[in-house]
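# Examining the three-dimensional arrangement
Next come the chains, spelled out residue by residue.
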Amino acid sequence: MFYRESGQLKSSYPADQAIFPIAQDRWFVIGVLAAAFLVIPFFLNQYWANAVLLPFLVYALAGLGLNILTGYCGQVSLGTGAFMAVGAYASFKFVGFFPELNFLIVLALSGVITAVVGMIFGLPSLRIKGFYLAVATLAAQFFLVWMFNKVGWFYDYNLTGMITVRPIDFFGIRITGPEATPAAKYLFTLTVVCVLALSAKNIVRGRIGREWMAIRDMDIAAELIGIRPLRAKLSAFAVSSFYIGVAGALYFAVYLGAVEPVEAFDINQSFYVLFIIIIGGLGSVLGAFLGAAFIVLVPILLKNIMVGGMGFDSGMAGHVEILLMGMLIIFFLIVEPHGLARLWQIAKEKLRLWPFPH
Amino acid sequence: MNLRKLTGVAVAAVLALPMFASGANAYELVIPTLDYRTGPYAPNGIPVANGFTDYLNMLNERDGGINGVKIKHVDCETGYNTKKGVECYEKVKNTPPSGALAIQPLSTGITYQLIPKAAVDEVPIFSMGYGRTSAANGKVFPWVFNFPATYWSQATALVQYIADQEGGFDGLKGKKIYLVYHNSAYGKEPIRTLEAMAEKFGYEFRGLPVDHPGQEQKATWLQIRKEKPDWVLMWGWGVMNQVAIKEAASIRYPMDHFIGVWWSGSENDVMPAGEAADGYLSGAFHAPGGGFPVHDDIRKHVYDKGLGKGDRDRIGEVLYNRGMVGAMWTTEAIRKAMEIHGTTEVIGKHVRDGFEALDVDEVRLEELGLGGFTYPVKITCENHEGPGKVAVQQWDAKAKQWNIVSKFYEPLRDVTGPLIEADSAAYAAENNVTPRDC
């Protein structure tokens, strides 16, 4: 009744090709963004920023990056944790060398370095596919984390092998460390994530995105119609790694502030991001956000309900939380194997027909 | 898929959220702990958490809290995971009515996260014998306390013990001392000191890392079997300890030449290896066993009322006592803060002053029912490490108990002092901290 497109006539190509062709969708997204930028910062406290929204945004960005590679181009990667580490260590070294450099430039440079590393480890994708490629990227995971732990130069020869962020100002506003206000950290991260998400949406709708999808759906057929696998696959690795690198830099500098390589970037991190896109929806920009919301926020919600609301013992709640998360993941994957993004799409279609479904 | 049901669940969940915000009327002293009762570190995390909680409950039940003000203990499950630790910290730090009075991260990784936050949030960190060693320098780290001894002091104590067995420091020349360590900030902490002493005393040092969670150590112990070091030190935690002791037993490494850090010397660590673990050594800064008057009070006031966190017969295990002594020093600091500031309604800022003026001497220990349990601790503005003394305890597998077998070694301050100075100066430079005058 409220959600239908009848009467919304498009008279130009740009209008027809808009990201959100349906007016209700457009207004909804604008409304969400307006709330995220203009309302939430005023109600933000340390807990909501540092424990809830920052990890959500950072993981959404990492999920977006992996989705470009796995969801759109069909190349399975288990090296996400290591690529995030490359971004994090790159940003650490850049801030160390050039403390005056604008942090946006640091983020971009970290992304570029990660893109180069990603392309190098993406080279085997030209020969091997599927699970075998996953194993090849696993090599990146173990090698890079080992290297960051072993070579003192990366962590400035710190006694414990940890890297700690320096205080960074962005146009006079502190955005890292404990002195940064929650709103500053949140708004900075949100802006970066929104800009990158918008670009991702446009890349995957355009020529490059279509090349990736052609490779994903059938690489031999794609080759026959004139798509160069070398360029398509490596560009997917580059763009994906760029996103993951930026996510890693934000993860280190803005969200955590201090990391040690083995714990922060181990193989579990790679699986974590992979679960985000599998549950959120492969090949969907929205899916990365929904998946991150599910994987990052639901455990916190469950914990708060059990410990705060129902008075569970915290250890008990910890065990029940693991159990419930497992059950919820299985539940959602049975209900909709294509992820939460697909569920959202089905809901929209139902809404279109509502209240006369027949 | 029934969307209506799903919405119903979601709405119920959101409605349940504000329930945890209910407040209390009377003033209470909030002492949070970051525990881990899940994951690969749970075998060690559980007894520490139990000891800590039971002591606080005992004070509440026996004395009605500290100077008549009830203690509100808030725990939060971290699973020894840094990200969850950050979430927990943000959650507990503003707990009404007093806000967190002191935080015990119980993880070196989480401690590193929290050190810069402490000064801003005005919550003192009490990382008892772990965390950043150079935080012993109170001039640079006014909000962090790591008494009674740091990892570096402990490393020097263990080397002194080895020297005693080898007939003095000259006996160390040419000996091989290996370190099996958890490959994290925690495990790497002693390396610098051990290297510095290797130069000084002429032993050969080598570090063998074991990756999280520490279940896979075959290669490490194969190397030890091949290269036959004279002594093996271990900085392990959680499952890693049990596995290491079992592996050492399986290559027949002499247990009385294998010394763990004080986090690698509890009943949980040696029991799985059975008889083979007999003679295994570890560092200690307090006595094992449950025969002190304070334990009787815990049994009487907590367990008899059914308020105990753990099993009654596990009172007095090494890590249980560790948690308990941590709670003791924390509450003594709060008591001191009340005395200094002349109020019972203390906040984090006051408790920091309390920690800095902490003086738990033998008389006070006796009063607390802990006579002879540990050594006196006196904290000053510049020295947040306190005395830094460490003894060595040995496992008796037949009697199933730990016994302290050495004196309490004074740390070699000529080794650790310059290292602490250099590391804290580096921190100060990186974070624009101006060291305060003491």
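Here the structure is a predicted model, which is why all the values come from computation and not from measurement.

Rules used in this analysis
Residues numbered from 1 in each chain as written. Chains lettered and ligands numbered in written order. Predicted model: local features only at pLDDT ≥ 70, side-chain atom pairs only at ≥ 80, totals over all residues. Axes fitted to C-alpha atoms, helices over the stretch in contact; angles between N-to-C directions. Helix = DSSP H or I, 4+ residues; strand = E, 2+ residues; numbered from the N terminus. Parallel < 35°, antiparallel > 145°, perpendicular 65-115°, else oblique. Contact = placed C-beta atoms within 7 Å. Nonpolar A, V, L, I, M, F, W, Y, C, P; charged D, E, K, R; others polar. Expected span 1.5 Å × (residues − 1). Buried ≥ 20, exposed ≤ 12 C-beta atoms within 10 Å, placed from the backbone. Arc of directions from axis to C-beta. Left-handed = near helix turned anticlockwise from the far one by under 90°. Domains from an automatic or database assignment. Core = buried A, V, L, I, M, F, W, Y, C linked by C-beta atoms within 7 Å.

### Here's the deal with the packing of helix α13 (residues 285-309) of chain A against helix α15 (residues 340-353) of chain A
Residue and element names in this part refer to chain A. At a minimum axis distance of 8 Å, the contact between α13 and α15 shows a crossing angle of 110°. The angle between α13 and α15 falls in the class roughly perpendicular. Within the contact between the two elements, α13 uses Leu286, Gly287, Leu290, Gly291 and Phe294 and α15 uses Leu340, Ala341 and Trp344. A per-class count over the contact of α13 with α15 returns 6 nonpolar, 2 polar and no charged.

### With respect to helix α15 (residues 413-430) of chain B
All names here are of chain B. Over its 18 residues, α15 runs 25 Å from end to end, which matches the ideal 26 Å to within 8%, given 1.5 Å per residue. Inspection of α15 places Val415, Thr416, Ile420, Asp423, Ser424 and Tyr427 among the buried residues, and these make up the whole buried set. One side of α15 carries all its buried residues, which in axial view fall inside an arc of 125°. Seen from the buried face of α15, the exposed residues on the opposite side, beyond 90 degrees, are Asp414, Pro418 and Ala429.

### Observations regarding helix α6 (residues 130-150) of chain A
Residues and elements named next belong to chain A. In a regular helix each residue adds 1.5 Å, so 21 residues correspond to 30 Å; α6 covers 30 Å between its end C-alpha atoms and thus fits that length. Residues Leu133, Ala136, Thr137, Ala140, Gln141, Leu144, Val145, Phe148 and Asn149 constitute the buried set of α6. Against the buried residues of α6 lie α4 (80-97), α5 (103-122), α11 (261-264) and α12 (267-280).

### A word on the packing of helix α3 (residues 46-72) of chain A against α13 of chain A
Residue and element names in this part refer to chain A. Running from N to C, α3 and α13 point in directions that differ by 140°, and their axes come no closer than 8 Å. Classed by the angle they form, the pair α3 and α13 counts as oblique. When the axes of α3 and α13 are compared, the crossing they make is right-handed. The segment α3 lies against α13, with Ala51, Val52, Pro55, Phe56, Tyr59, Ala60, Gly63, Leu64 and Asn67 engaging Val285, Gly287, Ala288, Phe289, Gly291, Ala292, Ala293, Val296, Leu297 and Ile300. Here the contact of α3 with α13 is composed, by residue class, of 15 nonpolar, 4 polar and no charged.

### Observations regarding the domain arrangement of chain B
Residue and element names in this part refer to chain B. Partitioning chain B into structural domains gives domain 1 (26-149 + 289-388 + 419-430) and domain 2 (151-286 + 390-418). For domain 1 versus domain 2, the distance between C-alpha centres works out to 26 Å. Secondary structure elements with two or more residues in the side of domain 1 that touches domain 2: α2 (42-63), α4 (108-121), α12 (318-341) and α15. Residues of the side of domain 1 that touches domain 2, tallied by class, amount to 16 nonpolar, 9 polar and 3 charged.

### Structural notes on the interface of chain B and chain A
Counting residues at the interface gives 38 residues for chain B and 38 residues for chain A. Contributions of two or more residues to the side of chain B that touches chain A are made by α1 (3-16), β2 (71-77), α3 (82-92), α4, α6 (185-188) and α15 of chain B.

### What to know about the nonpolar core
Residues Leu61 and Leu250 of chain A are the most contacted members of the largest nonpolar core, which totals 237 residues. Among the elements that take part in this core, helix α10 (residues 229-256) of chain A stands out by supplying 18 residues, more than any other. Inspection of this core shows a minimum of three residues originating in each of domain 1 (26-149 + 289-388 + 419-430) and domain 2 (151-286 + 390-418) of chain B.

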